[in-house]
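# Residue-level structure breakdown
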Amino acid sequence: MKRLTTLLAAFLIALCAHAGGLDGIVPLPMKATLLKGSLRLSGAPVKCDPAFDETAREAVAAFAAQLGYVSGRACPFSAPVGLSGAAASGKVKGLVFLKDASLEPEAYSLDVSTRRAVVRASSTSGVLYALQTLRQLLPAAIYGTGTADRERWVIPACLIEDRPRFAWRGMHLDSSRHFWSVDEVKRYLDVMAMYKLNRFHWHLTDDQGWRIEIKAYPLLSQIACWREGTMIGRDFDSNDGIRYGGFYSQDEIREVVDYAAARGITVVPEIDLPGHMLAALSAYPELGCTGGPYAAWTRWGVSDQVLCVGRESTFTFLETVLSEVAELFPGEYIHIGGDECPKDEWKKCPDCQAKIRELGLHDDGRFTAEQYLQSYVTKRIQAFLATKGKKIIGWDEILEGELAPGATVMSWRGMAGAQEASRKGFDAILTPTSHCYFDYRQAEDPAGEPLGFGGVVTLERIYSFDPLDGIAPEDARHILGVQANLWTEYISTPEHLEYMLLPRLLALSEVQWCQEGQRDPERFLRVLAEHEYPVLDAAGYNYRK
Ligand code: ACM
Ligand code: ZN
């Protein structure tokens, strides 16, 4: 009887492990076919084609080490020459990663039989995504830190062919309004990587704090990174009286960039200009129209005090800062902000007005002279960054006035920015407040939700987002992809940050990755409850249930 119970228990565990078959994979793969049987991965040899680069080989080796550790049976890793020949002759066992140049850059395939699993990819990204998929086919304990040798470390026999719909699969983080430690940023990157996101938009500067060390301007990380307190709740006239600050040293920036790269994520830094610059002005008041004094803001909102762009010294500042930024971040884009730049001071400033006259700018009924002045700044910074091999991204305000070819527009005030940009031949990224602002609360009913910015973006809403809504078919190639933004005015703890991020990030990942017409809200909600919440629990994330 005891033996029978044990057998029955083993059978039930086996059933559970396979109850969902391929269900646990989020974002849903392009094609996935469940076959009969399964393959035990604990103790299996793991081999990686030496033709892959070090990042890919190290990621596969780390997966093998983690699997060996949690399952209690080591998975020996190697990168033997001649692996593809052995695979072609059918002589491989265990888990094998092969380079296949015929696949698209971010694509991968997974072919699992009861004898072996073969992953094919042409690039490091493909290998990294295949590893995420493999983890999702294993018990959730693969994400944990403890051993779980009683789990069944098998994956179902299957065939998967997968690639993303959009190239830009972004997530943004505001480190200015509240500062996030390097370890907190890494946890953010980890969960992005789990769901195959590939761009981390890092908002590093704003009115309330400057967060990146710039060697040529040391006061940015001595003065501009501090504010004398923070408003309490929604009371704009209050101040908690607690000095608040923090910045990332250049070594820490490099550490984050490398950590992200190892997970297939490119970091896109944002230096918001010419508005949202009050913190910088507090350290270098000569950069403002009035000369100050200025202090980093203790309240949320948009300061009227912006960079004086009538003086050459401001451009010296910007070019010096951006030169250091360009060195630190190897990606092809630098985000230069451009949003919410009040023009009140420029209207009053003799230097800004002299610049307007010198450039021959004037109101033309469409835009004001001051809006054209901002265009001048955008174009000049774009041309400068081009000499550093970088392209610019700006918030959709950069469409006001004139935009030079090669700029990319991040559409946040709805879809109109992306529609106009793509119609005019500019690339665009969609981050509309209506679907992609994760600082908005997750439920219609504010009761039970933490204090937030206002506005609602439910899980269902982000899941229902149609990125090509209102985009002409012939312009769709200009839509690089989709990103969600997480502004942190009202978010000051890592638990709250993760709560706002999750599980909405998972819905976002299906918007970004799944082929058109593949999303299924019912399936998604079921998979979330059955597979993804246990995964997030094992990985130790806080999330909204
Ligand atoms: C923004 O939310 N100000 C881009
Ligand atoms: Zn000025």
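The following refers to the structure shown. (Residues numbered from 1 in each chain as written. Chains lettered and ligands numbered in written order. Predicted model: local features only at pLDDT ≥ 70, side-chain atom pairs only at ≥ 80, totals over all residues. Heavy atoms only, no water.)

Where the residue is not glycine, phi is negative for most of them; where a peptide bond is considered, it is trans in most cases. The omega angle of the peptide bond from Val26 to Pro27 is 0°, so this bond is cis rather than trans. Within the secondary structure, Pro27 is located in the loop between helix 1 (2-18) and strand 1 (31-40). Residue Pro274 follows Leu273 across a cis peptide bond; omega there is -5°. Examined against the element boundaries, Pro274 turns out to sit in the loop between strand 14 (266-270) and helix 7 (278-283). Despite not being glycine, His276 shows a phi value in the positive range, around 55°. Residue position: His276 is located in the loop between strand 14 and helix 7. (Helix = DSSP H or I, 4+ residues; strand = E, 2+ residues; numbered from the N terminus.)

Taken together, the 7 strands give an open sheet; going across it, the order is 1-7-5-6-4-2-3, and neighbouring strands pair in mixed fashion. The sheet terminates laterally at strand 1 and strand 3 (77-78), the two strands that pair on one side only. Contacts from helix 4 (residues 124-137) reach strand 4 (94-99), strand 5 (108-112), strand 6 (116-121) and strand 7 (154-162) within the one sheet, and its direction differs from that of strand 5 by about 40°. (Pairing = 2+ DSSP bridges. Contact = heavy atoms within 4.5 Å. Axes fitted to C-alpha atoms, helices over the stretch in contact; angles between N-to-C directions.)

Below, the discussion takes up the coordination of the zinc ion (ligand 2). Taken together, Cys289 (SG), Cys308 (SG), Cys349 (SG) and Cys352 (SG) make up the full set of protein donors to the zinc ion (ligand 2), lying 2.3 to 2.4 Å away. Note that the zinc ion (ligand 2) binds 4 donor atoms; their angles at the metal cover 106 to 114°, and the shape is tetrahedral. One chain supplies every donor for the zinc ion (ligand 2), spaced along it as C-x18-C-x40-C-x2-C. In this pair, Cys308 sits in the loop between helix 7 and helix 8 (312-328) while Cys352 sits in helix 10 (residues 350-359), placing the two residues 44 residues apart along the sequence. Using a relative accessible area of 0% as the deciding quantity, one classes Cys308 as buried. Given a relative accessible area of 0%, Cys352 falls into the buried group. (Donors = N, O, S within 2.8 Å, 3.2 Å for Na, K, Ca; no water. Tetrahedral: all angles 85-135°; square planar, octahedral: opposite > 155°, others 65-115°. Buried < 20%, exposed > 50% of the residue type's maximum accessible area, 1.4 Å probe, protein only.)

Take a probe with the size of a water molecule and roll it over the atoms, and the empty space left behind shows itself. Estimated volume of the largest pocket: approximately 710 Å³. Within the residue set of the lining of the largest pocket, elements represented by two or more residues are helix 2 (54-71), helix 4, helix 5 (182-194), helix 6 (250-262) and helix 17 (521-539). Considering only residue class, the lining of the largest pocket consists of 15 nonpolar, 6 polar and 7 charged. (1 Å grid on protein atoms, 1.4 Å probe; cavity = no way out; pocket = protein on both sides within 12 Å on 5 of 7 lines; lining within 4 Å. Points joined across faces, edges and corners; volume = space filled by probe spheres on them. Nonpolar A, V, L, I, M, F, W, Y, C, P; charged D, E, K, R; others polar.)

Moving on, we come to the state of the cysteines. Under the definition given, this model contains 0 disulfides. There is no disulfide at Cys341, and the cysteine sulfur nearest it, in Cys289, is 9.1 Å away. In this structure Cys436 is a free cysteine whose sulfur lies 15 Å from that of Cys514, the closest cysteine sulfur available. With relative accessibility at 0%, the residue Cys436 sits in the buried group. (Disulfide = S-S within 2.5 Å.)

Quick look at the packing of aromatic side chains now. Each aromatic ring pair is characterised by the separation of its centres together with the angle its planes make. By the definition in use, this model includes 22 aromatic pairs. On the numbers, 6.4 Å between centres and 65° between planes, the contact of Trp300 with Tyr490 is edge-to-face. Taken together, the positions of Trp300 in the loop between helix 7 and helix 8 and Tyr490 in the loop between strand 19 (479-484) and helix 15 (494-501) put the pair 190 residues apart, joining distant regions of the chain. With respect to class, Trp300 is no different from Tyr490; both count as buried. On the numbers, 6.2 Å between centres and 15° between planes, the contact of Trp412 with Tyr437 is stacked. Remark: Tyr437 occurs in the loop between helix 13 (433-436) and helix 14 (459-463) and Trp412 occurs in the loop between strand 17 (408-411) and helix 12 (416-423); sequence separation between them is 25 residues. Grouping aromatic residues by their ring pairs yields a cluster made of Trp300, Trp395, Trp412, Tyr437, Tyr440, Phe453, Trp487 and Tyr490. The side chain of Arg380 reaches across the aromatic face of Phe315, ending 3.9 Å from its centre. The ring centre of Tyr543 lies 4.7 Å from the NZ or CZ of Lys545, which sits over that ring. (Phe/Tyr/Trp six-rings, centres within 6.5 Å; stacked < 30°, edge-to-face > 60°. Lys NZ or Arg CZ within 6 Å of the ring centre and 35° of its normal.)

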